[in-house]
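Structural characterization, general
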Amino acid sequence: MWRSLWRSIDRFSPQYFKYVINELRGIKVVDRSNREMVIDLMQSIVETVTYGDRHDPLIFEYFMEYQVMAEFVRVLRISKNSRIEATLLQYLSIMIQNIDSEHAIYYCFSNDYINNIIAHPYKFDGGDLAPYYISFLRAVSSKINRDTLCLLVKVDGDNVISFPLYSEALKFARHGEKMIQTAVRALSLNVYNVSDDMVFRFLTSPPVSDYFSDLVQSLKEQCIRLDTIVHANNETSPQGRIKEIQLDTDKVVDDLYYLKDIICIGELRLSRCVMENLLKLLVLPALIPLLQFEEKSDSIFSAVTSLYIVSRILQVVGGRSLINFIAGVILYPYLASSKEDASQVNNCDGTSGSDSFSRYMSKLEAVVYAEFDSEGTENINGDNSLGCLVGYKSCDSPSVSCNDYKICTKRNGILGYVFSDNPTLLLSSLYLLLILAESKDCDDFLSRTIRSIVLPKEKIVDVLLKVLANPQLTVLTYRQTGWFLEKWLGFQGMKLGNDCSMLFNTSYEKSRERLQKELDGPWFDYIPDTLRNEWESCKKDLEEPVNRKDPLFALELHIDLQKDDSCATTSSVSWLRMVDAVKAFVLHLQLKALIWKQDRPDKLVLDGETLSTSESWKTRSSDQSSANFGAEVALGSAFSCRIAFSNAGIRDIYVIPVSKGKTGKLLLMEKHPFRTQKGVVIAIAPLPGLSPKIDKEHPTWLHLQVREFDPRFDSSKTKSHHSKRSNNATDGRWTLGFPNAEACTAAQLMILEETRRQRSFVERQLALMLRDNALVD
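Below is a summary of the structure that appears in this document.

This part covers the sheet that holds strand E10 (residues 732–737). With antiparallel pairing, eight strands are arranged side by side in an open sheet as E3-E7-E6-E5-E4-E10-E9-E8. Of all the strands in the sheet, just strand E3 (632–634) and strand E8 (693–694) have a single pairing partner and so form its edges. Pairing geometry for E8 and strand E9 (residues 701–706), over two bridges, is antiparallel. Along E9, the bridge assignment pairs Ile 694 with Leu 702. Helix-sheet contacts for helix H33 (residues 741–766) involve strand E4 (639–645), strand E5 (649–660), strand E6 (663–671), E8 and E9, and the interaxial angle to E5 is about 35 degrees.

Encoded structure:
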């Protein structure tokens, strides 16, 4: 009604605005009877204020004169189960977000209006109020600066004693909804970016600073859960577990990036607070298993999960102090700065070794934290420097020399993983060391130690080639091993010695033989297209930079090694076997090009791409080449037989195998009702995989095995080949009944002959690539 009375007045005019405010001031209680009217009034006020901020300063003068912010606070207090809070918070968020005037923002934040709205006793139980509340807090945080921040904190002398915006937001830090978690983190970063010295003292002092320890503790719990999934029993399929760890690692990475954002604020106390919690609660617990002090470790993480965690932290958080701390801990067994320390390293099970490590860690932490002290610039190059800690530069103790290689050859510490029989531990530990060695922030001495002593290039290449030559491992393992070989051979610019060359050639020959076997398999017709796609995929994977490689591969490898398809016989498993054979061969071919210093083309061109297909098709009429379901095809030399369908009974049909190039199919047709020389296609089966067999007891029956698995081959997706069916899909089986044994045998021979023609075409395409001396040209 009140709107209709003022239709003739401009709704953005000061007169209209004053009327609406007076209407709101006249409300004494908000209940269900007047809830909608109050909402309309608030909407009109917010719209008018937003308009006035840009076009009419007089409107905001009235906004301040009538103390509209105080009216909003009053409306909250007089609401009785009207559920108006969400709408009010929504309108306030809109208003604050759209106000640009510093004068207007300053007024809204003054007189504790915002703090009173924040501190109102909302009831969040199970309703939808929380998202509106957090959106309001985030909107406020987006408008604060160093001048307005003081309006939202309460101080006592020189100390901040309360900061409702920040404190109330943190109560939702572990909320179940991702959107709310993201909003809280955005709010906190807004606060950190504008805080002054007093506010930072408040944020980094207990109990407020508990937020950072809670944050890292939550991250630690996620990593423990991740470790549990990685080592779960076989109740969940490997594919299911890989999907689970992908989801969980996404959460871990999000948290690490948030910690990185906090550190990048550049405030020393804030950075130290985060770094202390990160080191003590997560980094050190993850590093302990990598030192292998005892055979049975009480670590909360397994070795493979520890390697993943540390690698991810290095990738995401990084920074000179963190990188050198991790490198210093990992290299502890190889950084003994005296013979006495060296002996203690070798006696890691004794108390003297433990004490030595404790002293070492204390010094190492001091070096790290010096960077976050106000005098850190001086300390980092002084007596507390990393160089003195590990025994070089100006220290009295000698540096690590070639004589210390005896320590390394015992393969304790991380070298126990680098030279492990477990390829997952081997590759993941090697990746961690590679990150450190290639990091520009890594101390020069530590980097040289990794390159020259811990990772002698000849030994590492030898270990990698042995993994590549192991026929019991999965293709995923081969692909990851190939990546490391690519990097090692590329970085070091080295050539393979005679022993390594023989090892690689043996591995290459096995991969070639494995692919050749697939030419007799049920998926040989897909080999050319798979080769082309996998060529591009493999090239992209091998050329992936170190800093972009996802250490998740370590967890996926661990699960992948547990797969067992030994009892499966379906065409889906045959498909995967063929794809794996192609992947392995392509990997070896590309590595061979690297070893022989040849360029790898972006796309693979097979031999005989332009082969004429007329020869293999000359006995078939042209209408059969594109025959699909329902098409009319000349019967010609088709065989008459019968087949029983589960839902259509026994039917009289004609069957004919046809092949053209790399395509081959078996057509099942019914005689056309009007054209006696024509048949209508009622079913089609691919020739590869049919394996026609005559029944021993019934010589007129021909059994066929039909590929039911549909790989949905997509040339635009080179990473994998997906299917709509599960890997346990049952293949189709057809049994054709012929008038006599001679006709049955003739049909079998024709199917085999057309399959041979099809296979011959594929073999000609692959002939050049499968030669003994094949090289990439």
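Now, onward.
Close contact between helix H16 (residues 303–316) and helix H24 (residues 423–438) brings their axes to 10 Å; oriented N to C, the two are set at 20 degrees. Between H16 and H24, the angle falls in the class roughly parallel. Between H16 and H24 the crossing geometry is left-handed. Residues Ala 303, Val 304, Leu 307, Val 310, Ser 311, Leu 314 and Gln 315 of H16 form the contact with H24, whose own contacting residues are Thr 424, Leu 425, Ser 428, Ser 429, Tyr 431, Leu 432, Ile 435 and Leu 436. When the residues that make up the contact of H16 with H24 are grouped by side-chain class, the tally is 10 nonpolar, five polar and no charged.

Further remarks concern the nonpolar core. Counting residues in hydrophobic clusters, the biggest one holds 211 residues, and the most contacted among them are Met 69 and Phe 325. If you tally residues by element for this core, the top one is helix H15 (residues 268–291), at 13 residues. Once you skip the residues sitting within four places of it in the chain, Phe 325 turns out to touch Leu 279, Val 283, Leu 284, Leu 287, Met 361, Leu 364, Glu 365 and Val 368. Ile 643, Ile 682, Leu 690 and Cys 744 belong to the second largest nonpolar core, which has 23 residues in total.

Right, let's get into the environment of Leu 768. Within the element layout of this structure, Leu 768 appears in the segment after H33. Residue classification places Leu 768 among the partly exposed positions, given a relative accessible area of 41%. Separated by 162 residues in the primary sequence, Leu 768 and Leu 606 place their C-alpha atoms 7.9 Å from one another.

Cis geometry is found at the peptide bond from Pro 206 to Pro 207, where omega equals 0 degrees. The backbone phi angle of Asn 111 is positive, close to 60 degrees, even though this residue is not glycine. Its relative accessible area of 54% is what places Asn 111 among the exposed residues. Positioned with a positive phi, Ser 691 is a non-glycine residue whose angle comes to about 45 degrees. Here Ser 691 lies in the loop between strand E7 (678–686) and E8. On the basis of relative accessibility, which here comes to 43%, the residue Ser 691 falls in the partly exposed class.

Another aspect to go through is the packing of helix H2 (residues 14–25) against helix H3 (residues 35–55). Relative orientation and spacing of two packed helices are given, respectively, by the angle between their axes and the distance between those axes. Close contact between H2 and H3 brings their axes to 10 Å; oriented N to C, the two are set at 145 degrees. Between H2 and H3 lies a crossing whose hand is left-handed. Along the contact surface, H2 presents Tyr 16, Phe 17, Val 20, Ile 21, Glu 23 and Leu 24, while H3 presents Val 38, Leu 41, Ser 44, Ile 45, Thr 48 and Val 49.

Parameters and conventions
Residues numbered from 1 in each chain as written. Predicted model: local features only at pLDDT ≥ 70, side-chain atom pairs only at ≥ 80, totals over all residues. Heavy atoms only, no water. Pairing = 2+ DSSP bridges. Helix = DSSP H or I, 4+ residues; strand = E, 2+ residues; numbered from the N terminus. Contact = heavy atoms within 4.5 Å. Axes fitted to C-alpha atoms, helices over the stretch in contact; angles between N-to-C directions. Parallel < 35°, antiparallel > 145°, perpendicular 65-115°, else oblique. Left-handed = near helix turned anticlockwise from the far one by under 90°. Nonpolar A, V, L, I, M, F, W, Y, C, P; charged D, E, K, R; others polar. Core = buried A, V, L, I, M, F, W, Y, C linked by side-chain atoms within 4.5 Å. Buried < 20%, exposed > 50% of the residue type's maximum accessible area, 1.4 Å probe, protein only.

Treat this as a map of the structure, not an account of what it does.
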